[in-house]
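Survey of secondary and tertiary structure
Listed here are the chains, written in short residue letters.
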Amino acid sequence: MSDTSVKAATTEMPGAWQSLWRSLKRVLREPLGALGLVLVVFVIVSAVGADLFAPFEPNKIDIRAKLQPPSAEHLLGTDQLGRDIFSRVLIGGQIALKVSLVSIGLALVIGLTLGLIAGFGPRWLDNALMLLFDSVRSFPTVMFALAVVTLFGPSLTTVMIVVVITQIPIYGRMVRSQTLALRDAEFILAERALGAGFFRIIGMHILPNVVGPLLILASMDIPFVITIEAGLSFLGMGVRPPTPSWGTILNDGYSYIYNTPWPVIAGGIPVILTTLGFTFLGESLRDVFDPRLRKEI
Amino acid sequence: MDANNVLEIRGLNVEFASERGRLRALRDVDLTIPRGSIVGVVGESGCGKSTMINSIIGLLAHNATVSSGSISFQGEDLLQKSERELRDIRGQHISMIFQDPMTTLNPVLSIGTQMIDIQYRDQIPKAQKKARSIEMLSRVGIPDPESRLDNYPHQFSGGMRQRIAIAMALQAEPELLIADEPTTALDATLEVQIIHRLKDLQHSMGCSILFISHHLGVIAELCDFVIVMYGGEVVERGTVRDIFHRPSHPYTFKLLECDPARIAETTRSLPTIPGEIPNLAKLPPGCIFADRCERSIGLCREKIPPSTEFAEHHWARCHLAGEVSST
Amino acid sequence: MNTLLELDDVHVRFRTHSPLNAILKGIDDPFVDAVNGVSLEIGEGETYGLVGESGSGKTTLARSIIGLVEPQRGSIRYDGTELVGMPTAEMQKFRGNVGAMFQDPVGSLSPRMTIRSLLAEPFKIHDLSQRNLGQEVNRLLEMVGLNRDFANRYPHQLSGGQARRVGVARALALDPKLVVADEPTAGLDVSVQGEILNLLGRLQQELGISILVITHNLNVVRHITDRMGIMYFGRVVEQGPTETMFHQPSHPYTLALLSANPEPDPDAEIDRLELQGEVPSLFNRPSGCEFHPRCPFADDRCQASFPDLTELSDAHSYRCHHPLHVT
């Protein structure tokens, strides 16, 4: 036991993989973490394989079969144009995940970097970055989106740009305040006294301590971004019809909610499952990343 | 209960439910605080000091239960009181001061506001409350108290803040003051100032003090009685002279021996207590200290020693009590 | 004995207002002097104790020796290298040549790292990865008396004493000739304190290192140091061999500190030089001798001029207009 782990410490890569595997096992040990992981994997798999799994072409119109309840043929029924909702939900998931993962991932990386620089770098840079963040945040999201759409025209890319720009200050601020709290901590002083450089301190000692809460925030932001995408698509500033998205499915369904609730339910369930999945996963990831919260002693 | 005692704890047992099982944090704890006296509590980390204080003020953690025993304060059992009744006792009859006074002072309110505020129970005009606050501040040694009432906690130095905390704790003229390491964060020259002030105030106000400290010198100088705690038990209690001159539990003996202040000859090899504090979830069948004790005999590992009064007002939980002392 | 560390007239100033702010508010000198002209020497294999209350500048001085704070004036020569004015990149490489221990045993260890990574850290930082890190980690653990199993633990799973041992191991990892230990036993129980001090003593003998101990605990200083210096308000007001300082202090502040140390004996004769007030704020530097507002012997001269250094025999020196015991 001790021999293998000593080796793991001497060579960097196997150690990193080993710890990743260990983290994964810890996530699976918690019931909620396992559920979250299963849901997230399920959502990702169904989105990635949407083209394979979809029984119908999602935009194929069949007016005669409109607003049908679920059946063996149409698992989640059809919408007002007779399109298969199950297929549209699968393809919509692809779009929702693409928008949320790409834009949040981008916002996370940029926000993290800027936040670390603001928190650990010189005072003037901190002040400049804070001013920038505050200016961005002072625009209402919808107004900001309108401005961006006017500039670039409505498209999926526009939605992503809006999300990235509005989320960066949130992540940046959070990382900055945590970094500020850590920069004078004794263990950082101790590392500096050993001769550790700027990047080593930021990467190995500050980053692991700020990334946990950030991951939670990010995973809980995914549903929020999905609703932004839906909202913008509804306003005609996001995904253009007939491309399916969970937002457009929901919005389409609203008009017919008195006739048939299926489209709304079919559009709502994936949002709920995705929300729960990412939230549970985020929370258990936080626990795993923070050894102090681990329950074993 | 003896009417001369402010507080009497008898046979107190407290348990914590934890993932490692049942932790028996306090076992058969006895404590007596005679009226107008200062009782010191000595013990290393994990000895149960905090659990004991929290039991007295009724602020035990959620996973803690008092399985048996009684805590009589002025003749009434605190363990039988409702949360409401306890709230009336805390602050009015029992007050506390802590190691870090900033934990008790609100950083966004001026000292005057806070001192007047805590007198909310008294139906007297505000001017009178203010006058009382000023008087209290001058009694704890704050220079120019009248003008300093408008200052905020951060405008005072550490020593001054602790004085203010003491003033606030004593303002309601409590019967019992619990002081939890009140001088640990202070510099040596301030520490002696504060303990002298505390002793003077105790004298003039006639309250009793339960004084927790790891600084044996402070305990020796300030206290009348001392209890020594180890691993959740009171292993020895007696007058301050009994404890320091005639320690009768091997742990007390070792603890005193370890204090570098008691070693007159300069040495580079300081005494230590080998071994570690036992796991409270897996208690040994016999004496809690047996594993680390140099004098343990067969009996010590088999039978838990009872607390015996082997000399007047001097108890020890040791099978060899009375035989060990001052070798 | 060869000199390992030599400090000459070291000044450390901290900016209180930004340049713009200072102009706007009309402040001529937007700095405070944290360390104000300190000179001292530490020989090879020697243990030097730096004693002072909070705000005396002892921690700042220690940080300038390990290269974390740059002095504005003066010279720090360590093993033939001048630290003051060293370029930043070079300074970063230099760090680690002086071992450093910080106050909080657990808090000075990076919380997300295992003890193994923490112990391998010094070698990785200084590009010594060609060494067998596993072996080095085991060597360090053994050196400080920790079982190999500890390598897999995290800092929060250690007791204060164990975490302190890890701190000692890290400080000694790169075979420094000098270790700067800031309050090495703060927050530790007395029995554990003895263990850590004995460990440091043993390692000093084995490795021949010098130790600079910064502490307010005079009992520790008395047992483990060869020489000591007393700091007050950024200056060393008295220094000399520890024996002499304890038996014949020359500066009234030294006497006050020594006597402010309550003895763990209830019948001890208390002959105390009790000081008034507290250490003044750095923003409010008293004129002349900084100690005069609290000094019982102060007169006009003390208020007017700062006393020169007086050297007695035996490397004992002080700065006072009214020294004790000197005829």
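Keep in mind that what you see is a predicted model, and the values were worked out from it rather than measured.

Further remarks concern the overall build of chain A. Secondary structure summary: chain A contains twelve helices and zero strands in total. The secondary structure elements of chain A, listed N-terminal to C-terminal, are α-α-α-α-α-α-α-α-α-α-α-α. For chain A, the spread of C-alpha atoms along the principal axes amounts to about 75 × 50 × 30 Å. Here chain A holds 297 residues, and 49% of them are scored as buried. The long-range fraction of contacts in chain A, counting pairs at least 24 apart against all pairs at least 6 apart in sequence, stands at 69%. As presented, chain A carries roughly 14,800 Å² of accessible surface, and 70% of it is formed by carbon and sulfur atoms. Computed over 23 positive and 21 negative side-chain charges, the inter-centroid distance for chain A is 3 Å.

Of the regular secondary structure elements, chain B holds ten helices and twelve strands. Against the 2.2 N^0.38 benchmark of 20 Å for 327 residues, chain B shows a C-alpha radius of gyration of 21 Å, consistent with a compact globule. For chain B, the C-alpha atoms occupy an extent of roughly 70 × 50 × 40 Å along the three principal directions. Sequence separation of 24 or more characterises 63% of the internal contacts of chain B that already satisfy a separation of 6 or more. Each charge class in chain B can be summarised by its mean position, and for the 34 positive and 41 negative side chains these summaries are 2 Å apart.

Turning our attention to the interface of chain B and chain C. Accessible area lost upon the coming together of the parts serves often as the stated size of an interface. Contacts between the two partners involve 42 residues from chain B and, on the opposite side, 38 residues from chain C. Taking both partners together, chain B and chain C bury about 3,400 Å²; carbon and sulfur atoms supply 50% of that area. On inspection of chain B and its partner chain C, the count reaches two salt bridges. Among the ionic pairs, Arg272(C) bridges to Glu221(B), the shortest N-O distance being 2.8 Å. At the junction of chain B with chain C, the criterion picks out 22 residue pairs in polar contact (both at pLDDT 80 or more). Looking at the side of chain B that touches chain C, the elements that each hand over two or more residues are helix H6 (158-171), helix H7 (188-205), helix H8 (216-222), helix H9 (240-245) and helix H10 (250-258) of chain B. When residues of the side of chain B that touches chain C are assigned to their parent elements, the largest contribution, six residues, is made by H7(B). Looking at side-chain class alone, the side of chain B that touches chain C contains 18 nonpolar, 14 polar and ten charged residues.

Another point: the pattern of salt bridges. Residue and element names in this part refer to chain B. Applying the stated criterion across every chain yields a total of 34 salt bridges over all chains. Here Arg27 and Glu233 are joined by a salt bridge, their closest N and O atoms 3.2 Å apart. Remark: Glu233 occurs in strand S10 (residues 233-239) and Arg27 occurs in strand S2 (residues 21-34); sequence separation between them is 206 residues. The exposure classification of Arg27 matches that of Glu233, with both residues buried. Connected through shared salt-bridge partners, Arg27, Asp28, Glu233 and Arg317 make up one network.

Turning to the side chain of Lys49(B), a few remarks are in order. Residue and element names in this part refer to chain B. When you line up the elements, Lys49 lands in helix H1 (residues 49-57). Judged by relative accessible area, Lys49 falls into the buried class, the value being 12%. Not counting the four nearest positions on each side in its chain, Lys49 is found in contact with Val41, Gly43, Glu44, Glu181, Ile212 and Met229.

All names here are of chain C. Backbone geometry at Asp9 places phi at a positive 50 degrees, although glycine is not the residue there. In this structure, Asp9 sits in strand S1 (residues 3-15). For Asp9, a relative accessible area of 30% translates into the label partly exposed.

Residues and elements named next belong to chain A. Between helix H5 (residues 85-120) and helix H11 (residues 246-254), the least distance of the axes is 8 Å, while the angle of their chain directions is 135 degrees. The angle between H5 and H11 places the two elements in the oblique class. Across from Ile85, Arg88, Val89, Gly92, Gly93 and Ala96 in H5, the residues of H11 making contact are Trp246, Ile249 and Asp252. Per-class residue counts for the contact of H5 with H11 are five nonpolar, two polar and two charged.

As a further point, take the sheet that holds strand S5 (residues 76-77) of chain B. Residue and element names in this part refer to chain B. Taking strand neighbours across the sheet as the criterion, the four strands line up as S2-S1-S4-S5 in an open arrangement whose pairing is antiparallel. This sheet does not close on itself; its edge strands, each paired only once, are S2 and S5. Two strands pair when backbone bridges link them, and strand S4 (residues 64-73) and S5 are joined in this way by two bridges, in the antiparallel orientation. The partner of Phe73 across the bridge, within S5, is Glu76.

Our focus in this paragraph is helix H8 (residues 156-183) of chain A. All names here are of chain A. Taking 1.5 Å per residue, 28 residues should reach 40 Å; H8 reaches 39 Å between its end C-alpha atoms and fits that length. At Gln167, H8 is bent by approximately 30 degrees, the largest bend along its length, and proline Pro169 sits one to four residues beyond. Where H8 starts, the residue carrying a side-chain oxygen 3.3 Å from the main-chain nitrogen of Thr157 turns out to be Ser155.

Moving on, we come to the packing of aromatic side chains. Residue and element names in this part refer to chain C. Using the criterion set out here, one finds eleven aromatic pairs over all chains in the structure. Consider the rings of Tyr78 and Phe94, whose centres lie 5.8 Å apart with planes at 75 degrees: the pair is edge-to-face. On the criterion of sequence distance, the pair formed by Tyr78 in strand S4 (residues 73-78) and Phe94 in helix H3 (residues 88-94) is long-range, its members being 16 residues apart. Considered together, Tyr78 and Phe94 belong to a single accessibility category, that of buried residues. Centroid distance Tyr232 to Phe233: 6.2 Å. Interplanar angle 35 degrees. Geometry classified as tilted. The pair formed by Tyr232 and Phe233 is uniform in burial state, with each residue classed as buried.

On to empty space enclosed by the protein, then. The full count for this structure, using the stated rule, is seven cavities of 30 Å³ or more. As a volume, the largest cavity reaches approximately 120 Å³. Surrounding the largest cavity, 14 residues form its lining, Ala190(A), Ala100(C), Phe102(C), Gly167(C) and Arg170(C) being those nearest its centre. Looking at the lining of the largest cavity, the elements that each hand over two or more residues are helix H9 (186-193) of chain A together with strand S6 (98-101) and helix H6 (160-172) of chain C. When its residues are assigned to classes, the lining of the largest cavity shows nine nonpolar, three polar and two charged.

Turning next to the domain arrangement of chain B. Residues and elements named next belong to chain B. The domain boundaries assigned to chain B delineate domain 1 (5-93 + 172-316) and domain 2 (105-171). Listed as interface residues are 19 residues of domain 1 and, on the opposing side, 13 residues of domain 2. Counting each side, the surface lost to burial between domain 1 and domain 2 is near 1,400 Å², with a carbon and sulfur contribution of 59%. By the criterion of area lost to domain 2, the three top residues of domain 1 are Ile194, Arg197 and Leu201, representing 33% of everything that side buries. If you look at where domain 1 meets domain 2, you find one salt bridge. Note that Asp88 is salt-bridged to Arg121, the shortest N-O span being 3.9 Å. Within the residue set of the side of domain 1 that touches domain 2, elements represented by two or more residues are helix H2 (83-89) and H7. Of the residues forming the side of domain 1 that touches domain 2, the biggest block, eight residues, is contributed by H7. A per-class count over the side of domain 1 that touches domain 2 returns eleven nonpolar, three polar and five charged.

On to the side chain of Ser75(C), then. All names here are of chain C. Residue position: Ser75 is located in strand S4. Polar side-chain contacts of Ser75 include one of 2.9 Å to the side chain of Glu82. Those residues in contact with Ser75, other than ones at most four positions away along the chain, are Glu6, Leu7, Asp8, Val10, Glu82 and Val84.

Take the nonpolar core next. Counting residues in each nonpolar core, the largest one holds 61 residues, and the members touching the most others are Val99(A), Tyr171(A), Ile188(A), Ile206(A) and Trp246(A). Sequence-distant contacts of Tyr171(A), that is, excluding residues within four places in its chain, are made with Ile104(A), Ala107(A), Leu108(A), Gly111(A), Leu214(A), Leu217(A), Ala218(A) and Asp221(A).

We now examine the sheet that holds S1(C). Residues and elements named next belong to chain C. With respect to topology, four strands assemble into an open sheet ordered S2-S1-S4-S5, the strand pairing being antiparallel. Of all the strands in the sheet, the pair left with one neighbour each is strand S2 (31-43) and strand S5 (81-82). For S4 and S5, the ladder comprises two bridges, and the chain directions are antiparallel. In the strand pairing of S5, Arg77 is matched with Glu82. Against the sheet, helix H2 (residues 58-65) makes contact with S1, S2 and S4, and its axis sits at roughly 120 degrees relative to S1, the strand it touches most.

About the criteria used
- Residues numbered from 1 in each chain as written.
- Chains lettered and ligands numbered in written order.
- Predicted model: local features only at pLDDT ≥ 70, side-chain atom pairs only at ≥ 80, totals over all residues.
- Heavy atoms only, no water.
- Helix = DSSP H or I, 4+ residues; strand = E, 2+ residues; numbered from the N terminus.
- Buried < 20%, exposed > 50% of the residue type's maximum accessible area, 1.4 Å probe, protein only.
- Contact = heavy atoms within 4.5 Å.
- Areas by Shrake-Rupley, 256 points an atom, 1.4 Å probe, with all protein chains shown as cover.
- Lys, Arg positive; Asp, Glu negative; His and termini not counted.
- Charge placed at Lys NZ, Arg CZ, Asp CG, Glu CD.
- Rg over C-alpha atoms; globule rule 2.2 N^0.38 Å.
- Buried area = accessible area lost by both parts, 1.4 Å probe.
- Salt bridge = Lys/Arg side-chain N within 4 Å of Asp/Glu carboxyl O.
- Polar contact = N/O pair within 3.5 Å; in protein donor to acceptor, adjacent residues only side chain to side chain.
- Nonpolar A, V, L, I, M, F, W, Y, C, P; charged D, E, K, R; others polar.
- Axes fitted to C-alpha atoms, helices over the stretch in contact; angles between N-to-C directions.
- Parallel < 35°, antiparallel > 145°, perpendicular 65-115°, else oblique.
- Pairing = 2+ DSSP bridges.
- Expected span 1.5 Å × (residues − 1).
- Bend = angle between axes of the 7 residues up to and from the residue.
- Phe/Tyr/Trp six-rings, centres within 6.5 Å; stacked < 30°, edge-to-face > 60°.
- 1 Å grid on protein atoms, 1.4 Å probe; cavity = no way out; pocket = protein on both sides within 12 Å on 5 of 7 lines; lining within 4 Å.
- Points joined across faces, edges and corners; volume = space filled by probe spheres on them.
- Domains from an automatic or database assignment.
- Core = buried A, V, L, I, M, F, W, Y, C linked by side-chain atoms within 4.5 Å.

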